[in-house]
Amino acid sequence: MENLFSFGFIGAFTALLFAIVQQKKVMRFSEGTDKMKKIAASIRKGANAYLKQQYMTVFKVFIIVFIILLIMAFASKGKMLTIFTPFAFLTGGIWSMFAGLIGMKIATQANSRTAQAASESLNKGLRVAFSSGSVMGFTVVGLGMLDISIWFHILFYLFGIKDVSLLANIMVMNGMGASFMALFARVGGGIYTKAADVGADLVGKVEAGIPEDDPRNPATIADNVGDNVGDVAGMGADLYESYVGSILATFALSAAAGYGFSGMALPILIAVCGIVCSIIGSFFVKTKEDATQLSLLNSLRTGTYLSAALSAVAAAPLTYLTVGSWGIYTAILSGLLGGAAVGYFTEYYTSDNYKPTQKLAASSQTGSATVIIGGLSLGMKSTSASILIIIAVVIVSFFTSGGSVNYNSGLYGIGIAAVGMLSTLGITLATDAYGPVADNAGGIAQMTGLPKDVRERTDALDSLGNTTAATGKGFAIGSASLTALALLISYVNIVKEKGYGMDLSLTNPAIMSGLFIGAMVTFVFSAFTMSAVQAAAQSIVVEVRRQFKEIAGIMEGKADPDYATCVSLCTKGALREMVAPAVLAIIAPLATGFVLGPEGVIGLLGGVSVTGFAMAVFMSNSGGAWDNAKKYIESGNFGGKGSDCHKAAVSGDTVGDPFKDTAGPSLNILIKLCSTVSIVFSGLIISFNLMNLL
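The name given to the chain in an unreviewed UniProt entry is Putative K(+)-stimulated pyrophosphate-energized sodium pump, with the source organism recorded as Treponema parvum. Reading the Sequence similarities (unreviewed entry) entry of the UniProt record for the chain gives the comment "Belongs to the H(+)-translocating pyrophosphatase (TC 3.A.10) family. K(+)-stimulated subfamily." Looking at the chain in UniProt, the text filed under Subunit (unreviewed entry) is "Homodimer."

Glancing now at the overall build of the chain. When its secondary structure is counted, the chain shows 20 helices and zero strands. Structurally, the chain occupies a C-alpha span of about 75 × 50 × 45 Å along its principal axes. Every one of the 694 residues in the chain was classed for burial, and the buried ones make up 66%. Within the chain, contacts between residues separated by at least 24 positions form 85% of all contacts whose residues are at least 6 apart in sequence. Counting only carbon and sulfur atoms, one obtains 67% of the accessible surface of the chain, whose full area is about 23000 Å².

What follows concerns the packing of aromatic side chains. Any aromatic ring pair is given by two values, namely how distant the centres are and how the planes are angled relative to each other. Evaluation of the coordinates by the stated rule reveals 27 aromatic pairs. Between Phe62 and Phe180 the ring centres are 6.0 Å apart and the planes differ by 80 degrees, which places this aromatic pair in the edge-to-face class. Within this pair, whereas Phe62 is found in helix α2 (residues 34-75), its partner Phe180 is found in helix α6 (residues 175-208), the two being separated by 118 residues in sequence. Across this residue pair, the class does not change: Phe62 and Phe180 are buried. Cluster of aromatic residues (ring-pair linked, three or more members): Phe5, Phe152, Phe156, Tyr157, Phe251 and Phe261.

On to the nonpolar core, then. By size, the foremost hydrophobic cluster in this structure holds 225 residues, and its most contacted members are Phe180 and Phe251. Among all residues touching Phe180, those that are not within four sequence positions of it are Val61, Phe62, Val65, Phe89, Ile586, Leu673 and Val677.

Its 35 residues place the ends of helix α3 (residues 84-118) 50 Å apart at the C-alpha level, agreeing with the 51 Å of an ideal helix rising 1.5 Å per residue. Ala110 marks where α3 bends most, by close to 35 degrees.

To continue, consider the environment of Trp95. Relative to the elements of secondary structure, Trp95 occurs in helix α3. Put simply, Trp95 and Phe261 are 166 residues apart on the chain and 25 Å apart in space, counted from C-alpha to C-alpha. If sequence neighbours within four positions are ignored, Trp95 has contacts with Leu143, Leu146, Asp147, Ile150 and Tyr240.

To characterise two packed helices, one gives the angle between the axes of the helices and the distance between these axes. Here α3 crosses helix α4 (residues 122-158) at 165 degrees, and the two axes come no closer than 8 Å. Judged by the inter-axis angle, α3 sits roughly antiparallel to α4. For the element pair α3 and α4, the recorded crossing hand is right-handed. Its residues placed into classes, the contact of α3 with α4 shows 21 nonpolar, eight polar and three charged.

Turning to its location among the elements, Met97 is positioned in helix α3. Sequence separation between Met97 and Ala178 is 81 residues; the distance between their C-alpha atoms is 8.1 Å.

This chain's UniProt record puts "site: Determinant of potassium dependence" (unreviewed entry) on Ala469. Tracing the backbone shows Ala469 in helix α15 (residues 452-497). Residue classification places Ala469 among the buried positions, given a relative accessible area of 14%.

Moving on, we come to the side chain of Asp432. Positionally, Asp432 belongs in helix α14 (residues 425-447). Dropping the residues within four chain positions of it, Asp432 is found in contact with Met235, Thr468, Ala469, Gly472 and Lys473.

Turning to unusual backbone geometry, a few remarks are in order. At Phe638, a residue that is not glycine, the phi angle is positive and equals roughly 55 degrees. As for its placement among the helices and strands, Phe638 is situated in the loop between α18 (579-634) and α19 (644-680). Classification of Phe638 as partly exposed rests on a relative accessible area of 32%.

The next thing to look at is the confidence of the model for the chain. Residues at a pLDDT of 70 or more form 99% of the chain, whose mean pLDDT is 89. Mean pLDDT values over the elements of the chain span from 81, in α15, up to 96, in helix α11 (residues 355-362).

With that settled, consider the packing of α4 against helix α8 (residues 260-282). Viewed as axis vectors pointing N to C, α4 and α8 meet at an angle of 160 degrees, and their least axial separation amounts to 11 Å. Put simply, α4 runs roughly antiparallel to α8. Of the two elements, α4 crosses α8, and the hand of that crossing is left-handed. Facing α4, whose interface residues are Arg127, Phe130, Phe138, Val141, Met145, Ile148, Phe152 and Phe156, α8 presents Phe261, Met264, Ile268, Ala271, Val272, Ile275, Ser278, Ile279 and Ser282. Among the residues forming the contact of α4 with α8, the class breakdown is 14 nonpolar, two polar and one charged.

Bringing the side chain of Ser682 into the picture now. Examined against the element boundaries, Ser682 turns out to sit in helix α20 (residues 682-687). Using a relative accessible area of 0% as the deciding quantity, one classes Ser682 as buried. From its side chain, Ser682 meets the backbone oxygen of Ile679 in a polar contact 2.9 Å long. The contact partners of Ser682, leaving out residues within four places of it in the chain, are Tyr491, Ile494, Val495 and Lys498.

What follows concerns the state of the cysteines. With the rule as written, the count across this model stands at zero disulfides. Free cysteine: Cys277, not disulfide-bonded; nearest cysteine sulfur from Cys273 at 4.0 Å. By relative accessible area, which is 6% here, Cys277 ends up buried.

With the rule as written, the count across this model stands at 19 salt bridges. A salt bridge links Asp627 to Lys631; the nearest nitrogen and oxygen atoms lie 3.9 Å apart. Of this pair, Asp627 and Lys631 are both found in helix α18, four residues apart, which corresponds to roughly one turn of the helix. Each member of the pair Asp627 and Lys631 is classed as buried. Here Asp653 makes a salt bridge to Lys630, at a shortest N to O gap of 2.9 Å. With Asp653 in helix α19 and Lys630 in helix α18, this residue pair connects regions lying 23 residues apart in the sequence. An identical accessibility class is assigned to Asp653 and Lys630; each is buried. A network of salt bridges, in which partner residues are shared, links Lys194, Asp197, Asp627, Lys630, Lys631, Asp653, Asp657, Lys660 and Asp661.

Our next topic: α19. Its 37 residues place the ends of α19 54 Å apart at the C-alpha level, agreeing with the 54 Å of an ideal helix rising 1.5 Å per residue. Of all the bends in α19, the largest measures some 35 degrees and sits at Gly656, one to four residues before the proline Pro658. Burial of α19 is extensive: 33 of the 37 residues sit out of reach of the surface.

A few words on a nonpolar patch on the surface. On the surface, Phe59, Ile63, Ile67 and Ile71 cluster together into a nonpolar patch covering about 380 Å² of accessible area. Along the chain, Ile71 falls in helix α2.

About the cut-offs
- Residues numbered from 1 in each chain as written.
- Predicted model: local features only at pLDDT ≥ 70, side-chain atom pairs only at ≥ 80, totals over all residues.
- Heavy atoms only, no water.
- UniProt positions renumbered as here; feature names shortened; annotations may be inferred.
- Helix = DSSP H or I, 4+ residues; strand = E, 2+ residues; numbered from the N terminus.
- Buried < 20%, exposed > 50% of the residue type's maximum accessible area, 1.4 Å probe, protein only.
- Contact = heavy atoms within 4.5 Å.
- Areas by Shrake-Rupley, 256 points an atom, 1.4 Å probe, with all protein chains shown as cover.
- Phe/Tyr/Trp six-rings, centres within 6.5 Å; stacked < 30°, edge-to-face > 60°.
- Core = buried A, V, L, I, M, F, W, Y, C linked by side-chain atoms within 4.5 Å.
- Expected span 1.5 Å × (residues − 1).
- Bend = angle between axes of the 7 residues up to and from the residue.
- Axes fitted to C-alpha atoms, helices over the stretch in contact; angles between N-to-C directions.
- Parallel < 35°, antiparallel > 145°, perpendicular 65-115°, else oblique.
- Left-handed = near helix turned anticlockwise from the far one by under 90°.
- Nonpolar A, V, L, I, M, F, W, Y, C, P; charged D, E, K, R; others polar.
- pLDDT = per-residue confidence, 0-100.
- Polar contact = N/O pair within 3.5 Å; in protein donor to acceptor, adjacent residues only side chain to side chain.
- Disulfide = S-S within 2.5 Å.
- Salt bridge = Lys/Arg side-chain N within 4 Å of Asp/Glu carboxyl O.
- Patch = residues over 30% accessible without salt bridge, like charges linked within 9 Å, V, L, I, M, F, W, Y side chains within 5 Å.

As structure tokens, this is what we get:
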């Protein structure tokens, strides 16, 4: 069975080769006029400058943590940590960084090309934007498979670690580096993009009454840069971490369930199968000219649903030949169906093709207050569907995998369900990453004065991108909940293997206290990220107002705004404000463990997983609905652009921006980072905690 792990390399190279083909396909298209090239270059320069500074900041943190892990490994002589963990931490972070960086590089090359393609036809614009998204999607899964496959072969063949449980536990600790990088990328990028977006909207749209992406707005370039560093680079690092985390958690559960290397090989095979099926599905994403939003949505659905269906069929023989259980196959199937269902209900609550968002748009007729109240209500209501779906996946996967007979087999079923949900991540992420490219294309079309029909096409693609982005976030959050549950179980098993006896009853004061702490961490983390956007956005508002007041001729189009100052302010603000949320995610499980012991950590992980999942769905769906309600009005409903209804919807969208693009999506990383930090430092917490003294 150990030879089956070589298929991981085949899957990795297949995904990366397809990403290269898609990249070359995008680069063959024209960038358009000289003015389009100039604006695209400015966006590219701003995005590269921000990521360079962000990576320099994160590098310092990684070095500090690497040294701490190295000291722990040597001081404990491998009892707390193996010598492999510090180096796996570094490689996980590096691969996660590359996943986001490569996606952002192609996105900043594709934006003007999408605008130029949209001037020829809607389908051509869709193909360019989707192809650039495919580069991101398949780079993420390709690098993920490569990372896992390299580490398995190093541990198994080079260092001769043949014990399934030891090897699996070492592998599951490898996810901490990816989680670290993902949190910094998601939080920092989210703060950047929403500070620019909120600042541009509040002064440009609401106060000055000029259109979105108007070249007279000094924050326009920063806004377009933010789409790339937050919604592309941040999302890539985020889902890389989810993808790798789900597979590694299942490795550990396989060892506990007694499936051995067969159970570890299955998630690799399922992931490779998903890569191939996603490639096939991507060829079916196309549309006709003058397509409606619903037909555009159906075009993307065709690709994603076909990929999921093909994966479901191919997973059956793979599962039976490796672990010989149709029950495990049912668990994989439940994950695939659960992912599709979460995506559908996210779409239902956020797309303006359905009543919830249309009703929210109608509430603008009575002002911004009712729009905000309606959006909050919609987001809260939407959590029920996602939560019930995840509950169904957990129950079905547990019992069909034999959980009633062998508890650990049922837990393995939950882990493999998460792998099933993420198996078609290549095409799912492609539909998500395509959105920011379409958004940038619309901005470039507006700033360069392209014909009205071009902007209408890019607006159609952008509106679709809002829905696919919301669906992608829902998918990421849903998969994060299953992965976090698998990691929680892995933590319990690892602590038990180290000889620590635990009382896991809910009435244990340490667990009860940990639950409350976990819930508190969710809210404090959300507060940090929201206030970070507020602080950074305020500096942009002040700067844009200053330029409108002091630069003569800016509103008449006779003088150019100072775009660079806004880009610089966003960069400094994001890098400064991302520190507090990241530190909280790292310190919270450690502080809880040192005071309340491993039981307290278990409570914290349970509390942060449940409340974090619900809060993330609420925030992402509220924000997505506010955004599409605004777009629905802009398409000519309730008075259209410039009307009182539109101004009310812009206020709702501005509130929703940090909801859907900063705080909401960052929570799913918080959930998993708390778990991986707890696992890596479990030996230290067992040895040093106040509960041992009582």
